[in-house]
Amino acid sequence: MNINLTLIGQSITFIFFVIFVMKYVWPPLVAALDERKKTIADGLAAAEKGKHDGELAQQRVHETLKEAKEKAQEIISQAEKRASEIIEESKDNARVEGERIIAAANAEIEQEVNRAREQLRGQVVTLAVNGAEKVLKREIDEKANEDLLKDLVAQL
Amino acid sequence: MSSETVSSTNYIQHHLTNWTYGQFPDGHWGFAHSAADAKSMGFMAIHVDTMLWSVLTGLVFLFFFRKAAKSATAGIPSGLQNFVEMIFEFIDTSVRGSFTAKNDLVAPLALTVFAWIFLMNLMDLVPVDWIPHFAGWVGATFFGADPHHVYMKVVPSTDPNATIGMAFSVFFLVLYYSFKNKGIGGFTAELTLMPFQSSNKVVQALFIPINFLLEFVSLIAKPISLALRLFGNMYAGEMIFILIAIMFSAGWALGTLGGFLQLGWAIFHILIITLQAFIFMTLTIVYLDMAHSEH
């Protein structure tokens, strides 16, 4: 238990060990642990971001779905409106067409009637002239009565 | 160790004597053959066993920690790196808890103190006769020495030189940082103007020597208590191991009892060696923190 040079030797050894630890042991460990801390923090941040992104995507999906539904609804209602419009239009067209057909038919009928009347008139005149001719053949000169007959025809 | 050839006193003394190399009073250098020889050498001697085992344990510590540090990755740690990181975190937490200033030296210093002292203390758990006997055999076989004159004290921390050497190194660091951070004036003021203070100049002047006496004693007490606490604990522990070992040569009954006692004391000692390493480290940090902080 003597105090001797060992004391100094021990101090020197101690100082060497501390310097070694300070230079070659502590810094790499600090670096490794710091890097791991950073990696973990980054990982957590990425996870958080991923989660957030997922939520955003979900939200977008919801929005898009909602929009699509609204659009479909709109299209359907528009189509229905258009359909009823078309039906109305067709109805109108049909009515107009019918009226046109009726009017055309009426006009034709009138024309037919007029023609028949003209024909009838011509035939009556011929018949009357023939009759009168027969009656007057013996009595009156054809030439003398020409004027009279013409007058008669004009009066008819 | 048989009691026929060596008495208990000699046995204990043999165990407590260091393997010493030094200068004999007549001027020549050589190994001491007895405790008296070692004593006669005075300061100009070195305890070869203390140096050997402290350097060996220190190199073991440095080797494993360097190995782990070199291959340390930020990925999933495995085996050795895990263990080293555990200790690293423990030291780092201790330093962060007690040391408030910024100094890159303190944490490596604390790690060295803790791990090295722990390993040196750990040598205490090796049965007391193994290594000395082996050394005696080696000395007798290869160097023709008398095995009774081959001394081998395997626990460096039971040598006050080792503990005082470390404590003084820490103390010099404390002084260095005190001067560096507070200046000569600040440090002197800390030693002389506290704890007693007075607004009266004359009274204050009277207080200065009293303050200095108190503060100086408390300053010197730091390294002394640091060194002697560790030395005392380890020396006492070693002594008890030696006393238990004597029982082995006292018949079957006492020998068996001694076996149980040794087991019990060794298990208890695991706590002590860790605790002493931890206390030395914590006080080192605290003293250095005091050297950095203004009062």
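Here the structure is a predicted model, which is why all the values come from computation and not from measurement.

**Q** What am I meant to see in the side chain of T17 of chain B here?
**A** Residue and element names in this part refer to chain B. Mapped onto the elements of the fold, T17 is located in the loop between α1 (8-15) and β1 (20-23). Polar contacts involving the side chain of T17 include one to the main-chain carbonyl oxygen of Q13, which spans 2.6 Å. Each residue touching T17, except ones within four places of it in the same chain, is listed here: A35, D49, Y151, M152 and K153.

**Q** Before we go on, may I ask you to explain the packing of aromatic side chains in this structure?
**A** Two measures describe an aromatic ring pair: the distance that separates the ring centres and the angle between the ring planes. Scanning all chains against the criterion turns up 22 aromatic pairs over all chains. Summarising the aromatic geometry, the rings of W26 of chain A and F88 of chain B are spaced 4.4 Å apart at their centres and angled 35° between planes, so their arrangement reads as tilted. Of the two residues, W26 of chain A is situated in helix α1 (residues 6-136) and F88 of chain B in helix α4 (residues 79-98); the pairing between them involves two chains. A single burial state applies to W26 of chain A and to F88 of chain B, both of which are buried.

**Q** Would you mind showing me how to read α1 of chain B here?
**A** Side chains three or four residues apart in an α-helix point the same way, a direct result of the helix having 3.6 residues per turn. Residue and element names in this part refer to chain B. The complete set of buried residues in α1 reads Y11, I12, H14 and H15. For α1, the arc enclosing every buried residue in end-on projection is 160°, short of the 170-degree limit, so these residues lie on one face. Close packing links the buried residues of α1 with α6 (130-142) and α8 (201-247).

**Q** How should the pairing of β1 of chain B be read in this particular structure?
**A** All names here are of chain B. Alignment of β1 against strand β3 (residues 45-47), held across three bridges, turns out to be antiparallel. Bridge pairing in β3 places T20 opposite H47. Relative to strand β2 (residues 29-31), β1 runs antiparallel, the two being bridged by three bridges. When the sheet's bridge partners are listed, Y21 is paired in β2 with F31. Connecting the antiparallel pair β1 and β2 is a turn made up of five residues, with G27 showing a positive phi of about 110°.

**Q** How should I be thinking about the environment of Q81 of chain B in this particular structure?
**A** Inspection of the secondary structure assignment puts Q81 of chain B in helix α4. Separated by 15 residues in sequence, Q81 of chain B and R66 of chain B place their C-alpha atoms 10 Å apart. Apart from the residues lying within four places of it in its own chain, the contact partners of Q81 of chain B are R36 of chain A together with A68, S71, A72 and T73 of chain B. Among the polar contacts listed, one links the side chain of Q81 of chain B to the backbone oxygen of T73 of chain B, at a separation of 3.1 Å.

Conventions adopted
- Residues numbered from 1 in each chain as written.
- Chains lettered and ligands numbered in written order.
- Predicted model: local features only at pLDDT ≥ 70, side-chain atom pairs only at ≥ 80, totals over all residues.
- Heavy atoms only, no water.
- Helix = DSSP H or I, 4+ residues; strand = E, 2+ residues; numbered from the N terminus.
- Polar contact = N/O pair within 3.5 Å; in protein donor to acceptor, adjacent residues only side chain to side chain.
- Contact = heavy atoms within 4.5 Å.
- Phe/Tyr/Trp six-rings, centres within 6.5 Å; stacked < 30°, edge-to-face > 60°.
- Buried < 20%, exposed > 50% of the residue type's maximum accessible area, 1.4 Å probe, protein only.
- Arc of directions from axis to C-beta.
- Pairing = 2+ DSSP bridges.

Just distances and angles here, no functional claims.
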